[in-house]
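Residue-level structural notes
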Amino acid sequence: MDIYELLTKLASIEDTEQQIFFYKILSILFPELKDMIYLSFNEPESQFERFNEKNFGNYNICGLGDYSKLWVIDNKNEDTMFKVSQVAYLDLNILDRLSSYIEGKQVQDEDDFLEFMCYLKKMGTNIKTSMIERMTTLYTKKEKYKENLLNYFKYLNADKLDRNTINVKVTPQQEDYVNKILRINKDDEKYAEIMKEYDLIYCMIAAAFYFKTKYKDKEKRINNFVEYCLNTLNVFLAPEMYTLLLFLKEKDNTGVFNKLQESKIKNQYSTFHNVAWDLMHPRIIEEYYPLISRSEDIISLPYFAPNNKGLGNYLRLNPRRGIFIMPYGIKRSIFTHSSEDDILDMIPSEKLKIELKYEADIRKDRLNKVDFEKEKNNIDMKVKKLLGIDA
């Protein structure tokens, strides 16, 4: 068993006392884990209901896991009292809607929207993920985005959100920050890995749609999709593959991929982009932003604040049991359905099962040679040809 399999075993233990005991054994066997922290979202006795998700009509505030069952396991021999902060990451649609309201325009479900935004103001908000999303959104004009950002800071500076917020002043420091954001583009080395991940997940979503549309036979569509992931993209991303296999098997009854319908794709081809960002937001938060400050014993709980329930449905379809925070800030999520066996059970082809299970090193060697942006263009051309859309 490798370390990841042992961590998965730890997360699967239902009794917290037994989890702590198993953790102590692991930290003795693997000294590199002695400073590891486990954020569990599976402790029924924690009673943190106030940290759970909130709904305001179609507006949704959801977390990486079930924060009402939050528990922290570490290698200290005494109980630690953690302070907890909450921050909601806004997407581009919310920024756009907020800006429209401030400029005096009508917005959808206005009463719900105002209650939603007032609640977020008390929590704390962040726009970093929207900043990254904008880099992949060609139709977001720079001047419009600047206007949205300035109105966002007016919202932060205002005592309350109403039609007079348009008159609130933005500080020179805030204006400098907006101009700094606008200078960032997707070619910035700092964001190269995120852009690569976005292209990869886009390819997986578009390919799942392509094979589902092309083949009525479920086994054939699943085998073609898995083969594409393993041998064209050279990746095995268990959480995304699990949910997309449910889509191909037509066993997703949560509506996560309702947008992936032939008629909707024909009318709005950017649908793939929108769904890719639903799947990207949790990855970015988990990988690039700190969830805990050990020196100050502060846990920062991240939330997402979209204008629909699609992202929340996706997070609930295969919920995180917890997150391991390793030394140097490396994080590893454990999902309810994230084991290799969960995926293998869904694949008809024995040949592909063997490839998935035993050829990880081969995929790793080939991965650096994959041009995901090129593959994104390739799968786009295939989908458009299949649907009769002009390329």
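Presented here is a report on the structure given in the accompanying data block. (Residues numbered from 1 in each chain as written. Predicted model: local features only at pLDDT ≥ 70, side-chain atom pairs only at ≥ 80, totals over all residues. Heavy atoms only, no water.)

1. Focus on the environment of glutamine 108
Positionally, glutamine 108 belongs in the loop between α3 (92–102) and α4 (110–123). Sequence separation of glutamine 108 and asparagine 307 is 199 residues, and the distance between their C-alpha atoms is 9.7 Å. With residues near it in sequence (within four places) discarded, glutamine 108 still touches Tyr59, Arg97 and Phe113. (Helix = DSSP H or I, 4+ residues; strand = E, 2+ residues; numbered from the N terminus. Contact = heavy atoms within 4.5 Å.)

2. Details of the packing of aromatic side chains
For the structure shown, the criterion picks out 22 aromatic pairs. Both rings, one in tyrosine 89 and one in tyrosine 289, keep their centres 5.7 Å apart while their planes meet at 20 degrees; by these two values the pair is stacked. One end of the pair, tyrosine 89, is in strand β5 (residues 83–90); the other, tyrosine 289, is in the loop between α12 (271–288) and β7 (292–293), and 200 residues separate them in sequence. Accessibility classification places tyrosine 89 together with tyrosine 289 in one group, the buried group. Taken together, the aromatic side chains of Phe56, Tyr59, Tyr101, Phe113, Phe116 and Tyr119 make up a single cluster linked through ring pairs. Residue placement shows arginine 332 over the ring face of tyrosine 4; its charged tip is 4.1 Å from the ring centre. (Phe/Tyr/Trp six-rings, centres within 6.5 Å; stacked < 30°, edge-to-face > 60°. Buried < 20%, exposed > 50% of the residue type's maximum accessible area, 1.4 Å probe, protein only. Lys NZ or Arg CZ within 6 Å of the ring centre and 35° of its normal.)

3. Observations concerning the sheet that holds strand β9 (residues 320–325)
Taken together, 4 strands build an open sheet; the order of strands is β4-β1-β9-β10 and the sheet is antiparallel. In this open sheet, the two edge strands, each paired with only one partner strand, are β4 (71–73) and β10 (331–335). Neighbour to neighbour, the strand axes of the sheet diverge by 20 degrees on average, direction disregarded. Pairing between strand β1 (residues 37–40) and β9: 4 bridges, direction antiparallel. Looking across to β9, one finds that leucine 39 is bridged to isoleucine 323. Strands β1 and β4 of the sheet are contacted by helix α2 (residues 16–29), whose axis makes an angle of about 25 degrees with β4. (Pairing = 2+ DSSP bridges. Axes fitted to C-alpha atoms, helices over the stretch in contact; angles between N-to-C directions.)

4. Regarding the pattern of salt bridges
Under the defined criterion, the tally for this structure stands at 20 salt bridges. Among the ionic pairs, glutamate 350 bridges to lysine 353, the shortest N-O distance being 3.4 Å. One end of the pair, glutamate 350, and the other, lysine 353, are both in helix α15 (residues 350–358), 3 residues apart, so they sit about a helical turn from each other. Judged by relative accessible area, glutamate 350 falls into the exposed class, the value being 53%. Several salt bridges share partner residues, and in doing so they unite Glu197, Glu240, Arg283 and Glu287 into one network. (Salt bridge = Lys/Arg side-chain N within 4 Å of Asp/Glu carboxyl O.)

5. Examining helix α7 (residues 172–183)
The end-to-end C-alpha distance of α7 is 17 Å, a good match for the 16 Å that 12 residues give at a rise of 1.5 Å each. Each element contacted by the buried residues of α7 is listed here: α5 (128–135) and α6 (142–157). (Expected span 1.5 Å × (residues − 1).)

6. Focus on unusual backbone geometry
Leaving glycine aside, a negative phi is the common case for residues, and trans is the common case for peptide bonds. Unlike most non-glycine residues, aspartate 109 shows phi in positive territory, near 50 degrees. Within the element layout of this structure, aspartate 109 appears in the loop between α3 and α4. The class for aspartate 109 is partly exposed, based on a relative accessible area of 34%. Phi is positive for asparagine 234, which is not a glycine, with a value near 60 degrees. Position of asparagine 234 relative to the elements: it lies in the loop between α9 (218–233) and α10 (238–249).

7. Describing the pairing of β10
The side chains of a regular strand alternate between the sheet's two faces. Buried residues dominate β10, accounting for 4 of its 5 residues. Looking at chain direction, β9 and β10 are connected through 5 bridges and run antiparallel. From the neighbouring strand, isoleucine 323 faces β10, where its bridge partner is serine 333. As consecutive antiparallel partners, β9 and β10 are separated by 5 residues, and within that stretch tyrosine 328 has a phi angle of approximately 70 degrees, a positive value.

8. Some points on the packing of α3 against α6
Running from N to C, α3 and α6 cross one another at 75 degrees; their axes reach a closest spacing of 9 Å. Classified by the interaxial angle, the pair formed by α3 and α6 is roughly perpendicular. Of the residues in α6, those touching α3 at Leu92, Leu95, Asp96, Leu98, Ser99 and Ile102 are Lys144, Tyr145, Glu147, Asn148, Leu149, Asn151, Tyr152 and Tyr155. Its residues placed into classes, the contact of α3 with α6 shows 8 nonpolar, 3 polar and 3 charged. (Parallel < 35°, antiparallel > 145°, perpendicular 65-115°, else oblique. Nonpolar A, V, L, I, M, F, W, Y, C, P; charged D, E, K, R; others polar.)

9. Examining a nonpolar patch on the surface
A surface patch of nonpolar side chains, about 320 Å² in accessible area, is lined by Phe21, Ile25 and Leu29. Its place among the elements puts phenylalanine 21 in helix α2. (Patch = residues over 30% accessible without salt bridge, like charges linked within 9 Å, V, L, I, M, F, W, Y side chains within 5 Å. Areas by Shrake-Rupley, 256 points an atom, 1.4 Å probe, with all protein chains shown as cover.)

10. A few points about the side chain of glutamate 197
Here glutamate 197 is to be found in helix α8 (residues 192–214). Judged by its relative accessible area of 15%, glutamate 197 is buried. At 3.3 Å, the side chain of glutamate 197 forms a polar contact with the side chain of arginine 283. Ignoring sequence-local partners within four residues, the contact set of glutamate 197 consists of Met280, Arg283, Glu287 and Tyr288. (Polar contact = N/O pair within 3.5 Å; in protein donor to acceptor, adjacent residues only side chain to side chain.)

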